[in-house]
Amino acid sequence: MARYIGPACRLCRRENSKLFLKGDRCYTDKCAFDRRPYPPGVHGQRRNKPTEYGVRMREKQKVRRVYGILERQFRRYFASADRQKGVTGENLINSLERRLDSAVYRLGLSATRTDARQLVRHKHVQVNGKSVNVPSYLLKAGDKITLREASRALKRVQLGLDTSGRREQPEWLDFDKNTLTGVVRSLPVREAVTLPIQEQLIVEFYSR
């Protein structure tokens, strides 16, 4: 399966927004976006006025990169959100937040979504007592997320717990640090996503 393996900080600079793809590093003076807040490349510091199409495409790319999703899969998420009742943009963000790897990151069990995806892929994560190794698994209200007993001492898990205090835990998730257990209290609502996302621009991009 294809995946991006290039420098993560380059993506933040390209989208002109801090996407927090490097975990704790993003909160330090080493953050590449803070040091060089302009697009990468030899022409990065040129001041070109973006077109309406460019603004919408960049918003779509930003959300894709935040959640680590490639274009074809992202299109499927949008098509599914468009078929559901309600506001398409909010349905899209709801589905992305309900992904298992995103929920593991939100609970603070990993420092980045990339680490969360690897934890899921390597069968360290259980849902309702059963191992699930599909990062795109969509959670439902009442689902219980735990780590295998042997996985709780992993360094990447401890690093995630140490840095989770920098992030705000959403209200739709409950987490017990003593047992490293999370529970999906309810389905996420748009207000629970604090990332600077303008989902309406994504709807307009795919509806053009």
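Residues numbered from 1 in each chain as written. Predicted model: local features only at pLDDT ≥ 70, side-chain atom pairs only at ≥ 80, totals over all residues. Heavy atoms only, no water.

A. Inspection of the pattern of salt bridges at higher detail. In total, this model carries 14 salt bridges according to the counting rule given. Across the pair Lys 60 and Glu 71 runs a salt bridge, and its minimum N-O distance is 2.8 Å. Taken together, the residues span a long stretch of sequence, with Lys 60 in helix α3 (residues 52–67) and Glu 71 in helix α4 (residues 71–83) at a distance of eleven residues. On the basis of relative accessible area, Lys 60 is assigned to the buried category, the value being 5%. Residue Arg 106 is joined to Glu 97 by a salt bridge in which the shortest nitrogen-to-oxygen separation is 3.0 Å. For the pair Arg 106 and Glu 97, a shared accessibility class is recorded, and that class is buried. (Salt bridge = Lys/Arg side-chain N within 4 Å of Asp/Glu carboxyl O. Helix = DSSP H or I, 4+ residues; strand = E, 2+ residues; numbered from the N terminus. Buried < 20%, exposed > 50% of the residue type's maximum accessible area, 1.4 Å probe, protein only.)

B. Spotlight on unusual backbone geometry. Even without a glycine there, the phi angle at Lys 123 is positive, about 65 degrees. On the secondary structure map, Lys 123 appears in the loop between α7 (113–121) and β1 (125–127). The partly exposed category is assigned to Lys 123, whose relative accessible area is 45%. Of note, Asn 128 is a non-glycine position whose phi angle comes to about 55 degrees, a positive value. Secondary-structure assignment places Asn 128 in the loop between β1 and β2 (130–131).

C. Layout of the packing of aromatic side chains. Counted under the stated rule, the structure contains four aromatic pairs. Among the aromatic residues, those joined into a cluster by ring pairs are Tyr 53, Phe 74, Phe 78, Phe 205 and Tyr 206. (Phe/Tyr/Trp six-rings, centres within 6.5 Å; stacked < 30°, edge-to-face > 60°.)

D. Quick look at the pairing of strand β3 (residues 144–147). In the sheet, β1 pairs with β3 via three bridges, with the strands oriented antiparallel. Pairing of Val 127 across the sheet is with Ile 145, part of β3. Direction of pairing for β3 relative to strand β5 (residues 181–184): antiparallel, over a ladder of three bridges. Residue pairing for β5: Lys 144 is matched across the bridge by Val 183. (Pairing = 2+ DSSP bridges.)

E. Just helix α9 (residues 199–206), in detail. Of all the eight residues making up α9, six are buried; the element is thus mostly covered by neighbouring parts of the structure. Of all the positions in α9, only Glu 199, Leu 201, Ile 202, Val 203, Phe 205 and Tyr 206 are classed as buried. Buried residues along α9 sit in contact with α3, α4 and α5 (88–97). (Contact = heavy atoms within 4.5 Å.)

By themselves these figures say nothing about function.
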